[in-house]
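Examining the three-dimensional arrangement
Chain by chain, the residues run as shown.
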Amino acid sequence: MNAFVTSPLLSKKNNGRIQNQKFSVTTKAQLQAPQPYINSKRIKEVREKYRVHEKDTGSPEYQIAALTVRIEYMTAHVKKNPKDYASTRGLIAMVSARKKLLSYLRSQNKDRFLKLCVNLKIRIQKSQL
């Protein structure tokens, strides 16, 4: 619900006259959380899901899951801001890091690799099956 309110505190002098400006008041129902906050929440949820044990921070599944969420967020950002070259470079670095972790996981345990790729909807080549 938008309501228009005039306030003498928000007045401007215009050619010797005082004009009141109108501004809209937004209710709490229209407010949304900032996208980086939503992204950090999603990363925490995915990390909890793919955690191998309680204090796990280094397992490949844990790292790949977090990188996948970050890659999804950065892909959307780069599509909206195609000239943001610094973010594009960061996105490429994240994709490269995830690729290396996936390669490691595939060499160690192919079943875990396939299960993770299916759950996170990561495309893999036929040669990697």
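Heads up: the structure comes first, above all this text.
An account of the accompanying structure is given in this report. (Residues numbered from 1 in each chain as written. Predicted model: local features only at pLDDT ≥ 70, side-chain atom pairs only at ≥ 80, totals over all residues. Heavy atoms only, no water.)

What follows deals with the overall build of the chain. Each helix and strand counted, the chain has four helices and two strands in total. Secondary structure of the chain in N-to-C order comes out as β-β-α-α-α-α. Burial statistics for the chain: of 129 residues in total, 24% are counted as buried. For the chain, contacts bridging at least 24 residues in sequence account for 38% of all contacts bridging at least 6. (Helix = DSSP H or I, 4+ residues; strand = E, 2+ residues; numbered from the N terminus. Buried < 20%, exposed > 50% of the residue type's maximum accessible area, 1.4 Å probe, protein only. Contact = heavy atoms within 4.5 Å.)

The residue Lys121 is not glycine, and still its phi comes out positive at about 60°. Note on placement: Lys121 falls in the segment after helix H4 (110-120).

Before going further, it helps to spend a moment on the pattern of salt bridges. Inspection of every chain in the model, using the stated rule, returns three salt bridges. For the salt bridge of Glu48 with Arg51, the shortest nitrogen-to-oxygen distance reads 3.4 Å. Put simply, Glu61 and Arg112 hold a salt bridge, and the shortest N to O gap is 2.5 Å. With Glu61 in helix H2 (residues 60-80) and Arg112 in helix H4, this pair connects stretches of sequence that are 51 residues apart. (Salt bridge = Lys/Arg side-chain N within 4 Å of Asp/Glu carboxyl O.)

Inspection of every chain in the model, using the stated rule, returns zero aromatic pairs. A cation over a ring is seen here: Arg106 above Phe113, with NZ or CZ 5.8 Å from the ring centre. (Phe/Tyr/Trp six-rings, centres within 6.5 Å; stacked < 30°, edge-to-face > 60°. Lys NZ or Arg CZ within 6 Å of the ring centre and 35° of its normal.)

In this section: the nonpolar core. Soluble globular proteins tend to pack their nonpolar side chains together in the buried interior. If you look at the biggest cluster of nonpolar residues, it comprises 21 residues, and the most contacted ones within it are Tyr50, Ile64, Leu102, Leu116, Leu120 and Ile122. Counting residues per element, the ones that place at least two in this core are helix H1 (35-50), H2, helix H3 (85-108) and H4. Considering each element in turn, this core owes the most residues, eight residues, to H2. (Core = buried A, V, L, I, M, F, W, Y, C linked by side-chain atoms within 4.5 Å.)

Turning our eyes to something else, we now look at H4. Looking only at H4, the buried set comprises Phe113, Leu116, Cys117 and Leu120. Viewed along the axis of H4, the buried residues span an arc of 100°, placing them on a single side of the element. Of the exposed residues in H4, the ones pointing more than 90 degrees away from its buried face are Asp111, Lys115 and Val118. Those residues of H4 that are buried lie in contact with H1, H2 and H3. For H4, the N-terminal capping position is held by Asn109, with its side-chain oxygen 3.2 Å away from the main-chain nitrogen of Asp111. One or two positions beyond H4, positive phi appears at Lys121, with a value near 60°. (Arc of directions from axis to C-beta. Polar contact = N/O pair within 3.5 Å; in protein donor to acceptor, adjacent residues only side chain to side chain.)

So yeah, pure geometry; function would need other evidence.
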